[in-house]
Structures are given as structure tokens and as C-alpha cells.
Amino acid sequence: MPKQIYKLNDFSGGLNWNKDPRDIADNELVQADFCYLDRVGGIRGSGVFNPGGQSVPPEGTHTVGGGYYSFESDHVDGSSAVQIGAQWLCTVDGLDGTFEATAIVGSEYTAATTGVDLGAVDAPSWTANQLAFGSGGTTISRNSGAYFDASNIESGDFIQISGCTTDVDRNCYAFVGAAGSTRLQLDGVGISAVTSNEAGAPVIKRLIRPVFFDNNDDVRIADASFSAGTRRKKYSYVKRTHFDGAAGAEDSYDNWFANNCDLTPPTELAITADYPAAGVGFRLTAATPAGGSFLAKTWQIAGSLIYEDDQESLLYIPAANHEITTAADDSIDLDIRATPPFDERVTGARIYIRESGSRDAWSMLVDISLREGVRAKFDSEYTAWTRGGSDTEVYVNTTLILAENFETYSIINGFAPDEFKNTLSATGETYVDAIVANRRCFVANISMLDPEGNGTSDLMRMRDRIMYTPPGKFDTFPRSFFIDVIRGDADEYTALAYYADRLLAFKKQTLYIVNVASPSPSNWFLESTEVSKGVNYPGAVWTDTKGIFWANSIGIFYYDGSQIVDLTEGKLAKGSDLAGPSAGGNPLSWGGRYLPMVYFLPAANMLFVKSSAYSRDDKEDTVTLDNGGTWVYSFYTHAWTRLRYDDWGDEANYWYGNVVKRRNNNLYCGGFSQNLQNGNVDTSPDQGRIDDDLIASASHATNTQIVLTKDIDFGNPARIKKVYSVILTYRSRDAMTTPVSYAINGADKDDDYTNFTGDFADTGHGDNLDNWATVKVTPASPISCQSIKIRIKNTAGSSSRFELNDISIEYRMINKRVS
């Protein structure tokens, strides 16, 4: 038969590891390392995951897969803040709980002095010989002393071990893959392989896992590691005036402030003719002239404070003798006194009444604005504040209330004043993740004060619970505002996401999709339950304009608001090839340790899934360090490729933080800690913008950019073929010697490949590599085979890369059957 040309000019099918290399389609590939297939009809070299360069402070010690957050505000940092807009990068140091933030305005970076400190990190300790290290350095067993569960150590914690003297390598960072009361199973590189008791005084510090959300000019921070001594905090811009026009008694605020997330009620409300202590509440005098429509009753009083965004505290109810008595058809003439200053978050207060001794609803008596004054109804005019005898005394006289108001505390707020708590603000109260959706904040897997406890420090963990706020009130978490989709399933919530009026609530095993489109929670409903679509932690989930993306050890998924698509289905095998082994083994057997980093780059329309946030990457020849690299999915071609390792082949022991999105969709790797295997952390971790490196980088180590075609049988596996040459249309950044090789008849080991004769020329150095060229590569003699695979490698130096447009194989079908 005459010679024929077998042409491959469409590679848009990308990787297919789900089928035998001979059975995949012509447009699919067996290997596509450091390649992008985002342009139909060609293959181009990729960038790399490199969080270096363009670094923005702050830097610190971060938990695996987390630690950083980005948000925007109308105001820059500092007092009398200019309203020109700022972007912020912020973090919480995982070892000491301090919140640090940098405001970015243009190209200027200003580190904020926030004063935000979440509190003490859990750091249980043991004495000599109470702990034993074993199983090749992957376990810690308790001989005596504190139990691990009693010390709050649990699966998923990232820990720092210090104080060990038996072997200094035990002083390191590690990930707790599994935790029991007397045994910890660790993933970590550098832990001592010596099996023995520890003679030192070891301390296990559980690094804080910060959870952020923002609204307007503030950011709120919680600790998902559930340290007993941490507390939710906020950093917010406040511009407010109290007691406006009170002739010297005014208080003005124009700055960024650190605060707790509490809504503390007043601590004083009394009917007496003097002034209270500063900022604690109000003192009243009341007359009851005729001319109203009150009933003949004795009225008990109560009061609340109003915080920003009209968030109202629960009620302070003073002693029973603080009462007002009316006869039939009386009115109430109320005089109110206060003592500045009040907390800058407080905007006002309300005083309520109900018949003494009854359980009636509390109806509003007066509404107080710390700026404007006092009014009897919401549609009334305020009576302004007047300065008293000094700058620390203000009062409003003669607020006349003619009748009991219709508005009650419950009508105003949407929940009753007898809620056990309406915040998550006590020490130890926190959650695993938070998301703002439809002007509400949703939080999941919650630690909160136990209503059966002492009310101040006894905590309970609600792993199956989702709580939410009223609209626009992001510090208000009434205990009755919750969703329990299912309870008692031995699973727990790990992450939340929101898109197209759907709340995606992830547990480790299961995903629940809740429709929250209605303004009324009573109309919310469970739309779908998705088994085996859970995640291990929030870093495995990314929300962008296209939808929600997430990864677990059996798939990489995409939700577009109407359906879930498994992007790996039929392409990437459901096994360790997808997830890559963790530092301690296969994540399919230790699924709780699989911590992928998921992020989407809109400028390239590509999804990236880095297979591990806490282990080394592979340089192709060290399987024990292989974490699967970073998978890349192009939404242009719907094709997968892979970035084999990070940072140009550097195998340093990195513990990555998380990826955040800055303005203009720039991606920033939120810093990472480098494990020095001695209990310390690199003081200058590489961090910075990564999208430049992902897209524009032109550097790859020798023999790392690899394209491997299917095992081509030319449509007739039963016949022998002779292959004479291969013609490639290419562009190359550098000259490459013998970049093309082949293997025949299904061989797949590296030693099975033989080089063709023929080189790539240097065709240019621009982003587009300037010029297309053609090369014809030939074997030493015609190749007789049943099937053949063609492999192309970048054989030049560390700055090399190439592009391919097409591959043509010159062959002849031989009149001979395969024996």
C-alpha cells in the first residue's frame, strides 16, 4: 500500500486517564504536563504555581489551606479616613491569634494597626514520658497526662509540636489526619522516625484556622479550630456622632476600630432623678398627666441598646420597683438622662413597657437615637439632646407618649426578647465557615454557649447546625434562627457556598443544596441531597461568576445554579491519580486528609485544582513526594492538563495557605509557612500574586513539559504498519535537541522510548513565541509496529517551552497481520 499521513491537529479532548491509551479519542492525550489546551487546535506551554513576587504584607504563620482573606471598603485605613476606596489583604497569625491587615490604594500598601487579637491559642502540654512517638514518626500516643480529645485536638487540625528533646525533628509542624482520646495519626514530613517516649516537655499548639466574612466597611473574623480561648472579632470603619448639638457634650468617631461581635444590653435603667455611669444606660423620671389613652396599669420597664445596622441587644430588665403607674386615659411624660461617652458601635437604644407581673409582649415606649434625641413613635420627630451641668451630662425632657405603641420587640426584630442569646460573641463561640447570601450571614458547624450550662463559659458543639442572621444584621444570631437539614448522621459541616439563590452546605461526605431565594425562612427548602460530594475543608470550594467549583478525592465538580457536573467524569480516573497521595499515604484510604486548593482564573477561563496544600510536590522521579500536582481545566475546550509540580521544580517542604482573589480578578496566594522541621517557621515565606506565573511564566525545568499522544493503531490494530517520519508544526522558546521520541505496541515505561532524529529550532521569545516552524523527525530505520505513541519533551534549559499546532505521522499499512 502507498504511504499515508495520519494527522493530529485537534488536542481539545485533553487528558484521558479513564481509558486505555489505545482506546481514547484522537484528540485526547495520555500526558499533558505543563501544557494548556485553552486554544482549539493547539497546545501551548503553561505557567507554574509560584506564590512569589509582588508580595503584599502581612506575612505570618498560617494553617494549611487557609489564613488569608481579601475584601474591599469605601474608606482607607486610619482616622478621618478618606472615602476613595481601598482593597485589603488580611490574615490571622495561626500561632498567636493576631489579626493583621494591609490597605492597598493604587500601588501603595499601608499596614493597619488593628489591635485585633482573637485570643489565646490552645496549647496543651505534657511532661516527660507522657507521650510516645511511633510508627515511623506518624503517631503520637498518650501514656499519661491530658487526653487528646479533652485538649480539643481533633482530626483536621494543623499543629506545631515543640518542647521535644529526645529528637529535635519532633519539633515540627504536622497535620492531624485522625484523632482519638489517646492516639494521634499525623501527616507530616520531618517528624522523627525514632520510636520512643519523649523525655522533654512537649507542647502541641493548634494553629488558628481563621474564618472571614465582610460587609460594607468591616470584616469579621472567627476561629474554626475551636480554641477554647479565642473569641470572634471585627475590624470596622465607624463614622458617628453621639449627642449632636449638645453644646460640648458631643462625641465624634471617625476611624477604624477593633471590637468584639457582641450586642451587649445596657446594664443600668432606673427611674431616678440623677445621671448613670458613663455609657452603661439611662436614668428616667416619669410623670403621668391626663390626656392620653393608657389603661390603668402599673408598667414594668426594660431597655436595649441599638448597634450599627439597627442591631438590637436583648433586654435589660431592672428590678421590679422601677415601674410607671398610669390611671385610665393618662399619658406618660418621660425625661431621659445619659452620661457620655458610649461605645462607638452604639447608635441608640429603646425602652419598652409591659404590665408588671404579666408575660405580655414588650411594647416600645420610646426610641432613642444617640445622635438625634428621643421620639415616642418611629414616625415622630426627635426631641434633641441638651447638655446638662457638664460635658458628661446630657438629657431630653418632656417626651410625651399618648398611648401604648403597637410595635413590640418581637415585631421590630423578628425574634423574641427571651432568646437565650442573640449573638455568637462569647469566648469559644465560633463556627467552621461563614457565607453572606441574600443579605444574611449563614454559619455552620457551631460552638455556642450551652443554655443548660452556666451561661458564660459552658460550650456545646452543634456539628449539624446552620445558623443565620436577620437581613443586614451580621452580628445578630438568635438561637431560633437555624437550619438542621439532618442530625445524627456521624458527619459534620465543613464549608458553605452560595450561588443563584442556593446555599450549598458541604459536609465531609454529603452536599445539601438549600433554596434560600424567599425572603421568608419558612419558605426555604432542601432542593437536593448529593451523596459523596462533600469536602474536607473550605479551601476545597471556590465561588466565581460562573458558579461554584469544588474537589474531593473522587471528583472535581461544578455547579452552575441548576445542575452539578463532574468535570472529571470519563476523563480522570477515580483514584490516587486524581487526588495524589498525601504526605502519609493515599487519600482514598485516608480521605479526611485530602486538602486540595481550588481556584478559578477568569482571565484565562480556567479552573485550577492543586491536589494538596500541605505536602511536597513531585519532580517526576520521587513517587513518595508526589501530591498529584495541579490539575487545570479549560472551559474553552473542556480539557484537562496538569502542572506537575510547583515553583520550577523546587521540592522544598512547603505548607501552603490559601488562594484569594484581589481586585481585577488577580489571584494572590495567601502566603505559606515553610516547615523547618525544628518547630520554627520560615521568617520570609514567599507569597504574592500567582496569576502572572500561571499564565505568563515561560520557565520549566528540562524534560518537564511533556505531551504524549494516544497509542495510535491507525484504525486497524490487526495489521502491522511501518512508520517513516513524524512532521510537527511547532513554536519553541529555545532550541531543543531530540525533543520527539516514540514507544511502540503499548510500551509505557520511560526506558521504552526511543528518540527520533530531529531538533526544534529557537523560533522566538515573545508570549506567542513569534514564528511557527516545521520539523520532520525520523527514526534510524522505519519502525515496524502494531501501534505507536509520540512523546514531545522540552529538552532545553530551565527557560524552555514549546507550542504544537499539529502532528503528522508518515506511515504505510503492511499486508501482514499481527502474530
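Keep in mind the model is a prediction, meaning the values are calculated, not measured.

Chemist: I tried to follow the overall build of the chain on my own but got confused; where do I start?
Modeler: Across its full length, the chain carries three helices and 63 strands. Along the first, second and third principal axes, the C-alpha set of the chain runs to 115 × 60 × 45 Å. With 819 residues in all, the chain has 59% of them scored as buried. The contacts in the chain between residues at least 6 apart in sequence include a share of 66% that link residues at least 24 apart.

Chemist: Is there a simple way to explain the sheet that holds strand β42 (residues 525–531) in this structure?
Modeler: Hydrogen bonds along the backbone pair up the strands of a sheet, which may run parallel or antiparallel. Spatially, four strands are ordered β39-β40-β41-β42 in an open sheet, and the strand pairing comes out antiparallel. Edge positions in the open sheet fall to β39 (493–499) and β42, since each of these has one partner strand only. Sheet twist, expressed as the average angle between the axes of neighbouring strands with direction ignored, equals 20 degrees. In terms of strand pairing, β39 meets strand β40 (residues 502–507) through six bridges, oriented antiparallel. Residue Y499 lies in a different strand from β40, and its bridge partner there is R502.

Chemist: Help me understand the side chain of D475, please; the structure alone is not making it clear to me.
Modeler: Structurally, the position occupied by D475 is in the loop between β37 (459–468) and β38 (482–483). Look at D475 and you get buried, because its relative accessible area is 0%. Residues contacting D475, with those up to four places away along its chain left out, are R220, K234, C261, L263, E308, Q311, R345, N422 and T423.

Chemist: Even after reading the chapter, I still don't get the environment of D734, so can you show me in this structure?
Modeler: Tracing the backbone through its elements, the reader meets D734 in the loop between β57 (719–732) and β58 (740–744). Under the relative-accessibility criterion, D734 is labelled buried at 18%. Once the C-alpha coordinates of D734 and T795 are considered, the two residues, 61 residues apart in sequence, prove to be 9.3 Å apart.

Chemist: What am I meant to see in the nonpolar core here?
Modeler: Generally speaking, soluble globular proteins have nonpolar side chains that are buried together. W550, L607, I792 and L804 are the most contacted members of the largest nonpolar core, which totals 98 residues. Counting residues per element, this core draws most heavily on strand β63 (residues 802–817), which supplies six residues. Residues I301, L334, V346 and L370 belong to the second largest nonpolar core, which totals 32 residues.

Chemist: Can you walk me through unusual backbone geometry in this structure?
Modeler: Residues P340 and P341 are joined by a peptide bond in cis, for which omega reads 0 degrees. Tracing the backbone shows P341 in the loop between β29 (332–338) and β30 (346–355). In this model, A500 sits at a positive phi of 55 degrees, which is unusual for a non-glycine residue. On the secondary structure map, A500 appears in the loop between β39 and β40. Phi at N665 is positive, roughly 65 degrees, even though this residue is not glycine. Mapped onto the fold, N665 is located in the loop between β52 (659–661) and β53 (667–669).

Chemist: How should I be thinking about the sheet that holds strand β46 (residues 564–566) in this particular structure?
Modeler: Strand order in this open sheet of four strands is β43-β44-β45-β46, and the pairing throughout is antiparallel. Edge positions in the sheet fall to β43 (541–544) and β46, since each of these pairs with one other strand and no more. On average, adjacent strands in this sheet sit at an angle of 20 degrees to one another, irrespective of strand direction. Relative to β46, strand β45 (residues 555–559) runs antiparallel, the two sharing three bridges. Residue pairing across strands places Y558 opposite V565, the latter belonging to β46.

Chemist: I keep staring at the state of the cysteines and nothing clicks. Help me out?
Modeler: Covalent bonding between the sulfur atoms of two cysteines is what defines a disulfide. Applying the stated rule across the entire model yields zero disulfides. With no disulfide of its own, C164 has C172 as its nearest cysteine by sulfur position, at a separation of 8.2 Å. Residue classification places C164 among the buried positions, given a relative accessible area of 6%. Of all cysteine sulfurs, the one in C441 lies closest to C261, which takes part in no disulfide; the gap is 9.9 Å. The class of C261 is buried, set by a relative accessible area of 0%.

Chemist: Got a minute to help me understand the side chain of T763 in this structure?
Modeler: Following the sequence through the fold, T763 ends up in the loop between β59 (754–755) and β60 (773–777). The buried category is assigned to T763, whose relative accessible area is 8%. In terms of polar contacts, T763 uses its side chain to reach the backbone amide nitrogen of S732, at 2.8 Å.

Chemist: Help me out: how do you make sense of the pattern of salt bridges in this one?
Modeler: Pairing of side chains with opposite charge becomes possible as their charged atoms draw close. Summed over all chains, the structure comprises 44 salt bridges. Taking the shortest distance from any N to any O, the salt bridge between D711 and R22 comes out at 3.3 Å. Of this pair, D711 sits in the loop between β56 (706–709) and β57 while R22 sits in the loop between β2 (14–15) and β3 (28–33), and the two are 689 residues apart along the sequence. A relative accessible area of 2% means that D711 is categorised as buried. One salt bridge in this structure joins R345 and D262, with 3.3 Å as the shortest N-O distance. On the criterion of sequence distance, the pair formed by R345 in the loop between β29 and β30 and D262 in the loop between β22 (251–260) and β23 (268–271) is long-range, its members being 83 residues apart.

Chemist: Looking at this structure, I do not really get the pairing of strand β12 (residues 139–142). What am I missing?
Modeler: Walk down a regular strand and you will see the side chains alternate between the two sheet faces. Strand direction decides the pairing type here: strand β11 (residues 131–134) and β12, joined by four bridges, are antiparallel. Directly across from F133, in β12, lies its bridge partner I140. Taken together, β11 and the strand that follows it, β12, pair antiparallel across an intervening segment of four residues, in which S135 is found at a positive phi of about 50 degrees. With three bridges joining them, β12 and strand β15 (residues 183–187) adopt antiparallel strand pairing. Each bridged residue has a counterpart across the sheet, and for I140 the counterpart in β15 is L184.

Chemist: Please explain the packing of aromatic side chains as it appears in this structure.
Modeler: For any pair of aromatic rings, the description consists of the separation of the ring centres together with the inter-plane angle of the planes. A complete count under the given rule lists 42 aromatic pairs for this structure. Arranged with centres 5.9 Å apart and planes meeting at 50 degrees, the rings of Y237 and W256 form a pair that is tilted. Of the two residues, Y237 is situated in strand β21 (residues 233–242) and W256 in strand β22; the sequence distance between them amounts to 19 residues. Each of the two residues, Y237 as well as W256, counts as buried. The interplanar angle of 75 degrees and the centroid separation of 5.2 Å between the aromatic rings of Y558 and F635 together place this pair among those described as edge-to-face. Linking Y558 in strand β45 with F635 in the loop between β49 (630–634) and β50 (639–643), this pair joins segments that are 77 residues apart in sequence. Residues Y558 and F635 agree in their burial class; the two are buried. Joined through ring pairs, the aromatic side chains of Y69, F71, W88, F99, F212, Y235, Y237 and W256 make up one cluster. If you follow R142 out to its NZ or CZ, it ends over the ring of Y147, 3.7 Å from the centre. Here R791 stacks its cationic end above the ring of Y753, 4.0 Å away from the centre of that ring.

Definitions and limits used
Sequence positions are assigned chain by chain, starting from 1 and proceeding in written order. Whole-chain, interface and lining totals are the exception, using all residues; otherwise, since this is a predicted model, local features are given only for residues with pLDDT of at least 70 and side-chain atom pairs are given and counted only at 80 or more. Hydrogens and waters are ignored; side-chain quantities use all the structure's heavy atoms. Counting from the N terminus, the helices are DSSP H or I runs at least four residues long and the strands are E runs at least two residues long. Type-normalised accessible area, obtained with a 1.4 Å probe on protein chains alone, sets the label of each residue: buried when under 20%, exposed when over 50%, and partly exposed for intermediate values. Should any heavy atoms of two residues lie within 4.5 Å, those residues are considered in contact. In this scheme, strands are said to pair when DSSP sees at least two bridges between them. A fitted line through C-alpha atoms serves as each axis, taken over the contacting stretch for helices, and the angle formed by two N-to-C directions is quoted from 0 to 180°. What makes a nonpolar core is a set of buried Ala, Val, Leu, Ile, Met, Phe, Trp, Tyr and Cys residues whose side-chain atoms join them at distances within 4.5 Å. Sulfur atoms of two cysteines make up a disulfide when they are within 2.5 Å. In protein, a polar contact requires one atom able to donate a hydrogen and another able to accept it; more generally it is a pair of N or O atoms within 3.5 Å, and residues adjacent in sequence count only if both atoms are side-chain atoms. One speaks of a salt bridge when a side-chain nitrogen belonging to Lys or Arg is within 4 Å of a carboxyl oxygen belonging to Asp or Glu. Ring pairs shown here join Phe, Tyr and Trp side chains whose ring centres sit within 6.5 Å, with only the six-membered ring taken for Trp; geometry is labelled stacked below 30 degrees between planes, edge-to-face above 60, and tilted in between. The rule for a charge over a ring is simple: NZ of Lys or CZ of Arg within 6 Å of the ring centre, and within 35 degrees of the ring normal.

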